[in-house]
Protein chains: 10
Amino acid sequence: MKQEILEVFDNTYPDRDYTIEIVNPEFTSVCPKTGLPDFGTITVSYIPDKTCIELKSLKYYFLEFRNAGIFYENVTNRILDDLVAVSSPRSMTVRTEWKARGGITETVTVSHNASA
Amino acid sequence: MKQEILEVFDNTYPDRDYTIEIVNPEFTSVCPKTGLPDFGTITVSYIPDKTCIELKSLKYYFLEFRNAGIFYENVTNRILDDLVAVSSPRSMTVRTEWKARGGITETVTVSHNASA
Amino acid sequence: MKQEILEVFDNTYPDRDYTIEIVNPEFTSVCPKTGLPDFGTITVSYIPDKTCIELKSLKYYFLEFRNAGIFYENVTNRILDDLVAVSSPRSMTVRTEWKARGGITETVTVSHNASA
Amino acid sequence: MKQEILEVFDNTYPDRDYTIEIVNPEFTSVCPKTGLPDFGTITVSYIPDKTCIELKSLKYYFLEFRNAGIFYENVTNRILDDLVAVSSPRSMTVRTEWKARGGITETVTVSHNASA
Amino acid sequence: MKQEILEVFDNTYPDRDYTIEIVNPEFTSVCPKTGLPDFGTITVSYIPDKTCIELKSLKYYFLEFRNAGIFYENVTNRILDDLVAVSSPRSMTVRTEWKARGGITETVTVSHNASA
Amino acid sequence: MKQEILEVFDNTYPDRDYTIEIVNPEFTSVCPKTGLPDFGTITVSYIPDKTCIELKSLKYYFLEFRNAGIFYENVTNRILDDLVAVSSPRSMTVRTEWKARGGITETVTVSHNASA
Amino acid sequence: MKQEILEVFDNTYPDRDYTIEIVNPEFTSVCPKTGLPDFGTITVSYIPDKTCIELKSLKYYFLEFRNAGIFYENVTNRILDDLVAVSSPRSMTVRTEWKARGGITETVTVSHNASA
Amino acid sequence: MKQEILEVFDNTYPDRDYTIEIVNPEFTSVCPKTGLPDFGTITVSYIPDKTCIELKSLKYYFLEFRNAGIFYENVTNRILDDLVAVSSPRSMTVRTEWKARGGITETVTVSHNASA
Amino acid sequence: MKQEILEVFDNTYPDRDYTIEIVNPEFTSVCPKTGLPDFGTITVSYIPDKTCIELKSLKYYFLEFRNAGIFYENVTNRILDDLVAVSSPRSMTVRTEWKARGGITETVTVSHNASA
Amino acid sequence: MKQEILEVFDNTYPDRDYTIEIVNPEFTSVCPKTGLPDFGTITVSYIPDKTCIELKSLKYYFLEFRNAGIFYENVTNRILDDLVAVSSPRSMTVRTEWKARGGITETVTVSHNASA
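Definitions and limits used
- Residues numbered from 1 in each chain as written.
- Chains lettered and ligands numbered in written order.
- Predicted model: local features only at pLDDT ≥ 70, side-chain atom pairs only at ≥ 80, totals over all residues.
- Heavy atoms only, no water.
- Salt bridge = Lys/Arg side-chain N within 4 Å of Asp/Glu carboxyl O.
- Helix = DSSP H or I, 4+ residues; strand = E, 2+ residues; numbered from the N terminus.
- Buried < 20%, exposed > 50% of the residue type's maximum accessible area, 1.4 Å probe, protein only.
- UniProt positions renumbered as here; feature names shortened; annotations may be inferred.
- Contact = heavy atoms within 4.5 Å.
- Polar contact = N/O pair within 3.5 Å; in protein donor to acceptor, adjacent residues only side chain to side chain.
- Axes fitted to C-alpha atoms, helices over the stretch in contact; angles between N-to-C directions.
- Left-handed = near helix turned anticlockwise from the far one by under 90°.
- Nonpolar A, V, L, I, M, F, W, Y, C, P; charged D, E, K, R; others polar.
- Phe/Tyr/Trp six-rings, centres within 6.5 Å; stacked < 30°, edge-to-face > 60°.
- Buried area = accessible area lost by both parts, 1.4 Å probe.

Peer 1: It is not clear to me how the pattern of salt bridges should be interpreted in this structure. Could you clarify?
Peer 2: When charged atoms on two side chains of opposite charge get close, those side chains can pair. All names here are of chain D. Per the stated rule, a full pass over the model turns up 94 salt bridges over all chains. A salt bridge links Asp82 to Arg78; the nearest nitrogen and oxygen atoms lie 3.0 Å apart. With Asp82 and Arg78 both in helix α3 (residues 72–87) and four residues apart, this pair spans about one turn of that helix. Using a relative accessible area of 5% as the deciding quantity, one classes Asp82 as buried.

Okay, structure coming up:
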């Protein structure tokens, strides 16, 4: 479901390696233990292969997490998996930085490399 | 059309490798999906070979995008292609940093190397 | 309903005028025109009279807006009205500062004064 | 025409004086002398009376100036006049700060007071 | 001569008092004692009456001082006099801040008030 | 006892090396020599193997030190040992930065590497 | 002697009250007790009457103190007296701010008002 | 002509490699296309061989460009050539950073190495 | 004497290399030439071996220098020697940064490595 | 003469390589071309061998330049030579940063290495 929201468009310049970085400082999901909302900043950085991720669909994809109960670590890995599945980038890194809960902050960083 | 606006002048000092960096923080184009304007900063950095890019013509070249509907990724690659085509630099990098849309920002970086 | 979530406790020091400022940088509601989420920072500043606002109940009160479609101006006035109704402060100011939408930001400031 | 794009909605809280500040750092119009684009930041601050200005319509209103040739001073006064005409605020101030042209910057500030 | 370069245009909104501030950080003239160039920032702030100062003509007016030998105090008063003569503002202040010469900086501030 | 408070959950993505950083700026324990409270910031950074540390249980684990008399050096090593024992990470670093006592500050950094 | 170094020129605009501020951050004199150099910043602010102080002569005037043994308080008053004597300003303030000696800084401020 | 203004003096310490950096933030020349002035900061960094560049003559050399129409790229290379010609340094880098024109800034960097 | 004030406690975790950094911004001693007080910041960074330095005793150790006449260089080396003698660390660095005297500041940095 | 003012004292810790950095922001000498004073900051960094430079004598040594006419480059090399001659350090770097003259600043950096 969530993954189906994502759209891509043809990379008009597939002969080059170039870098796209997307930052969303307004991500929110729900803590699966307390039911309370979590707030974070998501940074996606990738080198496209045959397709690029369409930004507006990505915004709607991120909105799907608004009422979903999910751990920080799983949000991060899930986003990487979904974005890799629809866009097959040459490489991609997803980093999530979460606002303090109980005074404690967490940052999760995960990468994918097509040639690895 | 757009490319034809660009003017170059002879590089008076072709025997040296030297670096020219040009920054335009007032770039604007139109989103092809929503028809709404996008705003960004464009940084062009290059080592000239036989010609240098004339700045005033570059300003008019950038203005051609003002009412054009085009994706961030294509603007960036297109500018690199056009500038390489008219000036044949030894190397060139174009980076575009876009203001937030739907709370999300994007940065695209692409390079060309004549000897590669 | 929302207002009923709010709890107060007795002000142990009603003989003094003193100031309480509460800041919530993680407020989110929904735009009634687009259905998309809005993000903002809410600052409540007040001089209590007979009661003080209980913080945990205030957190849950703010959460009630998470999926509500409501204009910036109405959120701000509504919060002032609800907080005044349950705590009858000597004076109170509510300010909401909203993240950019379409490149545009908005700040709304509204005050109540019991003696006015 | 431009003015007709603006929409207002009923001020749900007309019994109070409260302040709304709107900032648009992505305004662009065209210089009537050179035909080249101008870039500026517009700040609108007002106390509503019976109606509030709807933000999305305001965004589209600002877009109408994108290809209009108009002096800084007239943009500023025109925006004040249009916003006052559609929303009849108790008071309003419009300030425009323009990016440098020929090394020179300009800021224009104009106010309206219904009771004056 | 210099004054003749200045152009004005009709103030479309003469019924209001509003403020225009113009800053030129790239002013240069010549020291009448040493013949060496001086560099300064000029700030003009005024309330227009029937006319506004046209910015491009003001740029060319400032350029007229590029090779003129003139004291800081006289530049400042001269600019005020010329701008008042061509635009008859309701009030105007001119301030010049000069880069260090021999380690010493100088700032000159002068005002005109039509009603005084 | 303390260690038993800690909970872990299965790492859903054990096939990848990825990094989790947790910061707690509100840690407090007691000086074993003076009986006075110490305040510090604890940063835990690790690459999970089969399990991840559950944040809420970690918060309660940190609270267990509130009334414990223990040296800075021992707090730091003890936390590393406990977190390694319950989560068996591929690698982990714990750093504690302590507020000034008698005008003197201290920082302790300690690491564990499963493959070393 | 020192005073004789100072030159003035006719104030071309004696009909206006306007303000001239001169800052010299490179002033140095000698402590009369230790024979060691002192370093300070001198700020002169005045409204001229019939004459203005010529900056280059002021620079040479300040240089006269380079090897003079004189207390901070006396430097400040002496400069005010000399500048008033040669230029008869409508009002003048001299402030000296001295670099730390033995960890201690001193600032001296003295004013003259012709109409007082 | 310009080059003849430059003076050098014997490097009293030719046996050492040492570095001299000179910064002029008050450089101005004229755009050969528009006839309007350009403003920039010039940084010269070099290791002297048998001679050093005399600063006062360098100031007058820079002043020669005040009314010269010349491209940014040529100013930069010309200065390098002239300074290398008169002082034969072991190595030298010249960088020019130009104030915005039409909203666009440019930086040019060029180096010379005697042993290359 | 001074050294005897220092206390150590057993390093509970001698099997690991870990780093301890201690900063004292309130150190004061006396200049042996002038008898005037010196003020400085002392930073001690070390990897403990069998013992750790007890902080409170270190505070009293630092206080012993309050009325001692000693050069900056000797304070720094003396502290390193004393701390190495009582705690035999695997490595240690001591850095002292001194407030200005006669306008001049000094920083001394010295290291010890047990395996060197 | 100047060099004779400098005093050294025995390095009590010659068995170690350690670093001493001295900063004097109040240096002044005289321009040999104009006779006007120059102001600068001098930074000396060295590893002592058998002797250390006594700070008070260094202050008096620097004062000797107060009325000496000498180029920036020669001041810098001269100080290095004098300090090396009296203290024979294992290595030493002297850097001088000069206040603007005619709008132009200069920085000179020179090093000595006993083992080179």
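Back to the write-up after that little detour.
Peer 1: Would you explain the UniProt feature "binding site: substrate" in chain A in this entry?
Peer 2: Cross-referencing UniProt, the feature "binding site: substrate" maps to Ile53, Glu54, Leu55, Tyr72 and Glu73 of chain A in the present numbering. Spanning 21 residues, the named residues do not form one spatial group; their C-alpha atoms are separated by as much as 24.4 Å. Looking at the element boundaries, Ile53 of chain A is found in strand β4 (residues 51–53). Not counting residues within four places of it along the chain, the set of residues in contact with Ile53 of chain A comprises Glu7, Val8, Phe9, Tyr46, Leu58, Leu83, Ser87 and Met92 of chain A together with Glu73 of chain B.

Peer 1: Which parts of the structure should I look at to understand the UniProt feature "active site" in chain A?
Peer 2: Residue and element names in this part refer to chain A. Residues given the UniProt feature "active site" here are Cys31 and Asp38. As for its placement among the helices and strands, Cys31 is situated in the loop between β2 (19–30) and β3 (37–47). Taking relative accessible area as the criterion, Cys31 reaches 18% and is therefore assigned buried. Excluding residues within four positions of it along the chain, Cys31 makes contact with Leu36 and Asp38. Relative to the helices and strands, Asp38 is located in strand β3. Only 3.5 Å separates the side chain of Asp38 from the backbone nitrogen of Cys31, close enough to count as a polar contact.

Peer 1: Please clarify how the packing of helix α2 (residues 55–63) of chain E against helix α3 (residues 72–87) of chain E should be interpreted in this entry.
Peer 2: Packed helices, taken two at a time, are described by their axes: the angle between them and the distance between them. Residue and element names in this part refer to chain E. Where α2 contacts α3, the two axes come as close as 12 Å, and the packing angle between them is 145°. Between α2 and α3 lies a crossing of right-handed hand. Between α2, through Leu58, Tyr61 and Phe62, and α3, the contact on the second element is made entirely by Arg78, Ile79, Asp82 and Leu83. For the contact of α2 with α3, the class distribution of residues is five nonpolar, no polar and two charged.

Peer 1: What am I meant to see in the environment of Gln3 of chain F here?
Peer 2: Residues and elements named next belong to chain F. Examined against the element boundaries, Gln3 turns out to sit in helix α1 (residues 2–5). By relative accessible area, which is 32% here, Gln3 ends up partly exposed. When the C-alpha atoms of Gln3 and Ile79 are compared, they prove to be 8.9 Å apart, with 76 residues separating the residues in sequence. Not counting residues up to four positions away in its chain, the partners in contact with Gln3 are Tyr61, Asp82, Ala85 and Val86.

Peer 1: Help me understand the packing of aromatic side chains in this model?
Peer 2: Each aromatic ring pair is summarised here by two numbers: the centre-to-centre distance and the angle between the ring planes. Inspection of every chain in the model, using the stated rule, returns 73 aromatic pairs over all chains. With 5.8 Å between their ring centres and 50° between their planes, Tyr61 of chain B and Phe62 of chain B make a pair best called tilted. With a relative accessible area of 0%, Tyr61 of chain B lands in the buried category. Ring geometry for Phe27 of chain C versus Trp98 of chain C: centroids 6.0 Å apart, planes at 80°, classification edge-to-face. One end of the pair, Phe27 of chain C, is in strand β2 (residues 20–30); the other, Trp98 of chain C, is in strand β5 (residues 91–101), with 71 residues separating them in the sequence. With relative accessibility at 2%, the residue Phe27 of chain C sits in the buried group. Three or more aromatic residues link up through ring pairs in this structure, and these residues are Phe27, Tyr61, Phe62, Phe65, Tyr72 and Trp98 of chain A.

Peer 1: Quick question: what am I supposed to make of the interface of chain F and chain I here?
Peer 2: How big an interface is tends to be stated in terms of accessible area lost as the parts join. Tallying the contact residues gives 20 residues for chain F and 22 residues for chain I. Taking both sides of the interface into account, the surface hidden between chain F and chain I amounts to around 1,800 Å²; carbon and sulfur atoms contribute 54%. At the junction of chain F and chain I, the tally comes to three salt bridges. Notably, a salt bridge pairs Lys33 of chain F with Glu54 of chain I, separated by 4.0 Å at the nearest N-O pair. Taken together, the links from chain F to chain I amount to nine residue pairs in polar contact (both at pLDDT 80 or more). Elements that contribute at least two residues to the side of chain F that touches chain I include exactly α3 (72–87) and β6 (104–113) of chain F. Per element, the largest residue contribution to the side of chain F that touches chain I is eight residues, and it comes from β6 of chain F. Partitioned by chemical class, the residues of the side of chain F that touches chain I number six nonpolar, nine polar and five charged.

Peer 1: Looking at this structure, how should I read the interface of chain G and chain E?
Peer 2: The partner chain E presents 20 residues to the 21 residues of chain G that form the contact. Buried area between chain G and chain E, both sides added, is near 1,800 Å², and the carbon and sulfur share of it is 53%. Connecting chain G to chain E are three salt bridges. Seen at the junction of chain G and chain E, the total is seven residue pairs in polar contact (both at pLDDT 80 or more). Those elements that place two or more of their residues in the side of chain G that touches chain E are β2 (19–30), β4 (51–53) and α2 (55–63) of chain G. Among the elements that take part in the side of chain G that touches chain E, β2 of chain G stands out by supplying eight residues, more than any other.

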